[in-house]
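# Structural description and commentary
Each chain, written out:
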Amino acid sequence: MTTTYLITGANRGIGLEMSRLILQSGDRLYAVCRNPETATELNKFVQESNGRGQIFKSDACDEETLANIADKIVGGIDVLVCNAGVMSARGGLGDAANNASSVSTVLMTNTAGPFFTARAFHKHLQQSSAPRICIISSYMGSQQHQGTSAYFYRASKAGANNIMVTLANELKADGITVASFHPGWVKTEMGGSGADITPNESASGLINQFQALKLANTGSFLNYDGKPLPL
Ligand SMILES: NC(=O)c1ccc[n+]([C@@H]2O[C@H](COP(=O)([O-])OP(=O)(O)OC[C@H]3O[C@@H](n4cnc5c(N)ncnc54)[C@H](OP(=O)(O)O)[C@@H]3O)[C@@H](O)[C@H]2O)c1
């Protein structure tokens, strides 16, 4: 049976590789990104998909545009992947880049973005027989990960995990499974070239986990290989 996915931040990094794998496997994809006009690789994968892919333009924090996209989509969404994310200033207490503007961007994108995305596409998840919301978080957001830097990235992903738990509680009655995921330390623009794993290793692991998700596991925080992680 074909699975229908929607992915935010689909134009590069882990989101692009998940998009490529989903289209290659024969599934259907709504790919959301801020600048489709410059998303060369994503456009190529969608063009080669025989109509199974469609690209929409939106910021992950733009509620109105997300709602307009939701109105254009006909039919259900099985797996909603809230992947779009940004790093904060990476330093410690003295990092001057931790200012009101950068803090607002990281909290809005990483914490509020998944909430706005879930709200916009809730009606499409309700049309699925196995609806799932998958939030790409980070182990840096776990209270057990003892860091000394990147304050607001950590806080934003802790917030994303908290949003995940509240969504899981609220949407359980609808039969919607909600979980968050650590994608590994991945060689992307965010992860850098010294990271542990490739986008392909991360994306293929994540997709396996999305496919295995059941309502009994709602509220979980999982590694890309399925290992449970502490919130
Ligand atoms: N790489 C890692 O090691 C790692 C580790 C843990 C967690 N993560 C998480 O994994 C996810 C993907 O990361 P990545 O490594 O693939 O990062 P990346 O290569 O930097 O890509 C980030 C993606 O998010 C999009 N994005 C950022 N802000 C957005 C916004 N306001 N609205 C819509 N799209 C936005 C970017 O779009 P533009 O091209 O328009 O900027 C891009 O598509 C993120 O949530 C990240 O926090 C990554």
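Residues numbered from 1 in each chain as written. Predicted model: local features only at pLDDT ≥ 70, side-chain atom pairs only at ≥ 80, totals over all residues. Heavy atoms only, no water.

### Comments concerning the overall build of the chain
Broken down by element type, the chain carries six helices and seven strands. Reading the chain from its N end, one meets helices and strands in the order β-α-β-α-β-α-β-α-β-α-β-α-β. A compact globule built from 231 residues would reach a C-alpha radius of gyration of about 17 Å, and the chain, at 16 Å, matches this within 12%. For the C-alpha atoms alone, the extent of the chain along its principal axes is close to 50 × 40 × 35 Å. Across the 231 residues that make up the chain, the buried fraction comes to 50%. Considering only contacts in the chain between residues 6 or more positions apart, those separated by 24 or more positions represent 69%. Counting every atom, the chain has about 10,600 Å² of accessible surface; 50% of that belongs to carbon and sulfur. Of the charged side chains in the chain, 18 are positive and 18 negative; the average position of the first set lies 3 Å away from that of the second. (Helix = DSSP H or I, 4+ residues; strand = E, 2+ residues; numbered from the N terminus. Rg over C-alpha atoms; globule rule 2.2 N^0.38 Å. Buried < 20%, exposed > 50% of the residue type's maximum accessible area, 1.4 Å probe, protein only. Contact = heavy atoms within 4.5 Å. Areas by Shrake-Rupley, 256 points an atom, 1.4 Å probe, with all protein chains shown as cover. Lys, Arg positive; Asp, Glu negative; His and termini not counted. Charge placed at Lys NZ, Arg CZ, Asp CG, Glu CD.)

### Examining the nonpolar core
Tyr5, Met18, Leu42, Val81, Phe181, Leu206 and Phe210 are the most contacted members of the largest nonpolar core, which totals 31 residues. The element best represented in this core is helix α1 (residues 13-24), accounting for six residues. Apart from residues no more than four positions distant in its own chain, Val81 is found in contact with Tyr5, Leu6, Ile7, Thr8, Met18, Cys134, Ile136 and Phe210. If you look at the next biggest cluster of nonpolar residues, it comprises 26 residues, including Val32, Phe56, Phe116 and Ile135. (Core = buried A, V, L, I, M, F, W, Y, C linked by side-chain atoms within 4.5 Å.)

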